[in-house]
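Chains, contacts and geometry: an overview
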Amino acid sequence: HGLIEDRDYVLDVRWAEGVYERFPALASEVVKQNPSVILMHTIAAVRAAQRASNTIPIVMMTINDPVGVGLIASLARPGGNTTGIANLMEDLTPKMLEMLHVVTPKAKVIAALFNPANPGNRPLLEDVRRRAGASGLAVLPLESTTPGELDAVFAPLSQHKTDALLVIPDATFLDLRERIAALSLRHRLPAFSTIPELTDAGCLLGYGPSRLELFRRSGYYVKRILDGAKPADLPVEQPTRIELVINLKTAKALEIKIPQSVLVRADRLIE
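Residues numbered from 1 in each chain as written. Predicted model: local features only at pLDDT ≥ 70, side-chain atom pairs only at ≥ 80, totals over all residues. Heavy atoms only, no water.

Here's the deal with the pattern of salt bridges
The following threshold applies: Salt bridges, as used here, are contacts in which a Lys or Arg side-chain nitrogen is within 4 Å of a carboxyl oxygen on Asp or Glu. The numbering of helices and of strands both runs from the N terminus, where a helix is a DSSP run of H or I of at least 4 residues and a strand a run of E of at least 2. The classification of residues rests on relative accessible area computed with a 1.4 Å probe and restricted to protein chains. Under 20% of the type maximum is buried, over 50% is exposed, and intermediate values are partly exposed.
Evaluated as defined, the whole model comprises 16 salt bridges. Across the pair Glu213 and Arg241 runs a salt bridge, and its minimum N-O distance is 3.3 Å. Of this pair, Glu213 sits in helix α9 (residues 211-226) while Arg241 sits in the loop between α9 and β9 (243-247), and the two are 28 residues apart along the sequence. With relative accessibility at 41%, the residue Arg241 sits in the partly exposed group. Overlapping salt bridges, with partners in common, bring together Asp200, Glu213, Arg241, Glu243 and Arg268 in one network.

Right under this line is the structure:
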């Protein structure tokens, strides 16, 4: 958008390292510096920034259901000091469950990896449970709050008969994609996610928007705000392109035959 770092702006990064309890202190620290814009990546982070300031513009980089969790009034008229990108996860997660049923039709028990600290994860999990129950599927919740506990979270799977893994979308899981993919393969679990980048790391199938594209699009909001626009006047956007990505190497390793009806719909095949 024509801006050059260190000449037109300074990007000052704060990283909670997956510990959601740190967001209020980090938000307070950032607000004291009186920045022109605050970019946020999770619901809890946006909420902490909103509580710290109702005047500094906040740009959501990719957020689950921002209207449903109360971050904005509506997509068209967000109101307040917050705008940015909504990622459609509340619509895509049920569709991913349908795709899981098509690819693994014999699955009876699904492990669902979720972050209980993420306010948007429990509603998604409950929706998955409701839909899975209506189809005769059982859901085994796997709670993972911090990056360091992921191995322990997967450990009980050796005692439970599970047929597939559904990753409920969370920013922490994006950063842990290689470990999630490796643990899934170790437990012989086909892993499905609405984060396509997990498929690049070795999960079986991903159906969702490219996070990189959404992050890049958030730069548009920064430019508009720096040019004088108010967040309340900038409608929240949703992704227009959804990718279906299938890792054929993983399918071969797990001896899973992907139906032709799914293969022909794929945007990318990892071979």
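A short note on a nonpolar patch on the surface
The criterion, for reference: Candidates for patches are residues over 30% relative accessible area with no salt bridge; among them, like charges are joined within 9 Å and nonpolar side chains (Val, Leu, Ile, Met, Phe, Trp, Tyr) within 5 Å. Areas reported here follow the Shrake-Rupley algorithm with a probe of radius 1.4 Å; residue values treat only the protein chains shown as occluding.
A contiguous nonpolar surface patch, about 630 Å² in accessible area, is contributed by Leu3, Tyr9, Leu11, Val13, Trp15, Leu39 and Leu226. Within the fold, Leu226 resides in helix α9.

Remarks on the pairing of strand β3 (residues 82-86)
Using the following cut-off: Think of it this way: DSSP has to see at least two bridges between two strands before they count as a pair.
The element β3 is largely enclosed, with a buried count of 5 among its 5 residues. Note: strand β2 (residues 58-63) against β3, 4 bridges, orientation parallel. Following the sheet pairing, Ile58 is matched in β3 by Thr82.

Looking at the pairing of strand β4 (residues 109-114)
Worth spelling out the cut-off: When the strands point away from the viewer and the path from the first strand over the helix to the second turns clockwise, the crossover is right-handed.
Of all 6 residues in β4, 5 are buried, a share of seventy percent or more. The pairing of β4 with strand β5 (residues 138-143) spans 6 bridges and is classified as parallel. Residue pairing in the sheet places Ala111 in a bridge with Leu140 of β5. You can see the chain leave β4, run along helix α4 (residues 121-134) and come back into β5, and the turn it takes is right-handed. One ladder, built from 4 bridges, connects β4 with strand β6 (residues 164-167); its direction is parallel. Across the sheet, the residue bridging to Ile110 is Ala164, located in β6.

By themselves, these observations are geometric and do not establish any function.
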